[in-house]
Amino acid sequence: MADSYLFIINPSSGTSIGQHPEKISQAIETFVKKSGGLAQIIFTEGRGHATELVNENIEKENWKAVVAVGGDGTVNEVAKALVNRSTPLGILALGSGNGLARHLGLPLTLEAGMKQLLSGSVNTIDTAELNGIPFFCTAGMGFDAYVGYLFSQQNSRGLATYVSVSLKSYWNYKPQTYKLNGKQIEVFSLSFANAGQFGNNAWVAPQASLFDGLLDICTIKPFPTWYGSNLTYRLFTKQLKPSAYISYQMAQEAVVEAEKPPLVHYDGEPLQLDTTRIEIKIRPKSLRVIV
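Cut-off values and rules
- Residues numbered from 1 in each chain as written.
- Predicted model: local features only at pLDDT ≥ 70, side-chain atom pairs only at ≥ 80, totals over all residues.
- Heavy atoms only, no water.
- Helix = DSSP H or I, 4+ residues; strand = E, 2+ residues; numbered from the N terminus.
- Buried < 20%, exposed > 50% of the residue type's maximum accessible area, 1.4 Å probe, protein only.
- Phe/Tyr/Trp six-rings, centres within 6.5 Å; stacked < 30°, edge-to-face > 60°.
- Lys NZ or Arg CZ within 6 Å of the ring centre and 35° of its normal.
- Polar contact = N/O pair within 3.5 Å; in protein donor to acceptor, adjacent residues only side chain to side chain.
- Contact = heavy atoms within 4.5 Å.
- Axes fitted to C-alpha atoms, helices over the stretch in contact; angles between N-to-C directions.
- Parallel < 35°, antiparallel > 145°, perpendicular 65-115°, else oblique.
- Left-handed = near helix turned anticlockwise from the far one by under 90°.
- Pairing = 2+ DSSP bridges.

Draft legend 1. View of unusual backbone geometry. We note that N84 has phi near 65°; this positive angle belongs to a residue other than glycine. You can see N84 is positioned in the loop between α4 (72–79) and β4 (89–93). Note on N84: relative accessible area 61%, which makes it exposed. The phi dihedral of D267 falls on the positive side, at around 50°, and the residue is not glycine. Mapped onto the secondary structure, D267 falls in the loop between β14 (263–266) and β15 (269–272).

See the structure below:
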């Protein structure tokens, strides 16, 4: 019996999909057909739609995989519907940051990604959640959430836009005060890493593992203005490590208390919370992924 794959394509993800959604769809069908399989392809129509599509179609077929075609936001929406299910997640990393795909060493082009998808094996990874919201790469608050919010308001995507927004934000951003597990701290950013990076090879926790049942908590304290370039260099060269301004701890769960409901992000998606208490926890070995 032929293997059946369900592809969920976000036509507004990244840069390449939005320009050629039908061409990408046709190429996917061709690849799967040549392998002797069957492909069902559905396009999303807005935020949250990918999760709805997976839930609506997951029981209709014995899928070899449900494949997220897009970036980390698309992967998040598809993956959250597959947590603790037997059907594995496939990833065609055609988005802007592609954090989970990069951490897993997956290709970032359609052709190489399809070859990997159709020949790869399944591994079971950890997932995590912030106030019940699943995330798979990183979540956090502070500068990264602030930039994520501003980035989401831009008309263009990609690394160049993200860098531009970050540079403009850097000069007027004010550090925040939180309580982390009861201890008051002032932070530039506070990140909870399941995977090691935000995306675009920005490695906030190079040592993080998707298989250890732990979150890597990265606290970046306020630092002198001149240190920003050093921090950026280390972030993009996988050399971020403990210093006078950076600390790490590993935990299965954490509680953050804020003075007012904070702006957070999960896998790069910004969210304004309506509560001052944030609970983050790991869910060990809860998602099957084709790698």
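There is more to say, and it comes next.
Draft legend 2. Region of the structure containing α4. Of all 8 residues making up α4, 8 are buried, and the element is well covered by its neighbours. Among the residues of α4, D72, G73, T74, V75, N76, E77, V78 and A79 are the ones counted as buried.

Draft legend 3. Looking closely at the packing of aromatic side chains. Taken as a whole and judged by the stated rule, the model has 13 aromatic pairs. Their ring planes at 20° and their centres at 6.3 Å tell us that Y170 and F223 sit as a pair that is stacked. Here Y170, found in helix α8 (residues 159–170), pairs with F223, found in the loop between β11 (215–220) and α9 (227–236); they are 53 residues apart in sequence, far enough to count as distant. Grouping residues by exposure puts Y170 and F223 together as buried. Through a chain of ring-to-ring contacts, three or more aromatic side chains come together here, namely F143, Y146, Y170, W171, Y173, F188, F223, W226, Y227 and Y245. Sitting over the face of the ring of W203, K238 holds its NZ or CZ atom 4.2 Å from the ring centroid.

Draft legend 4. Up close: the side chain of N194. Considering the arrangement of structural elements, one finds N194 in the loop between β10 (189–193) and β11. For N194, the side chain forms a polar contact with the main-chain oxygen of F136, separated by 2.9 Å. If sequence neighbours within four positions are ignored, N194 has contacts with D126, T127, F136, C137, A208, S209, L210, L215 and I282.

Draft legend 5. Representation of the packing of helix α7 (residues 143–152) against α8 within the structure. Interaxial distance between α7 and α8 falls to 9 Å at its minimum, and their mutual angle equals 125°. By the criterion of interaxial angle, the relationship of α7 to α8 is oblique. As α7 packs across α8, the resulting crossing turns out to be right-handed. Counted together, F143, Y146, V147, L150 and F151 of α7 and T161, Y162, V165, S166, S169 and Y170 of α8 form the full contact between these two elements.

Draft legend 6. The pairing of β14, seen in detail. Side chains L263 and H265 of β14 all project onto a buried face; the interleaved residues V264 and Y266 project onto the opposite face, where all are buried too. Here 4 bridges tie β14 to β15, and the two strands are oriented antiparallel to one another. The partner of L263 across the bridge, within β15, is Q272.

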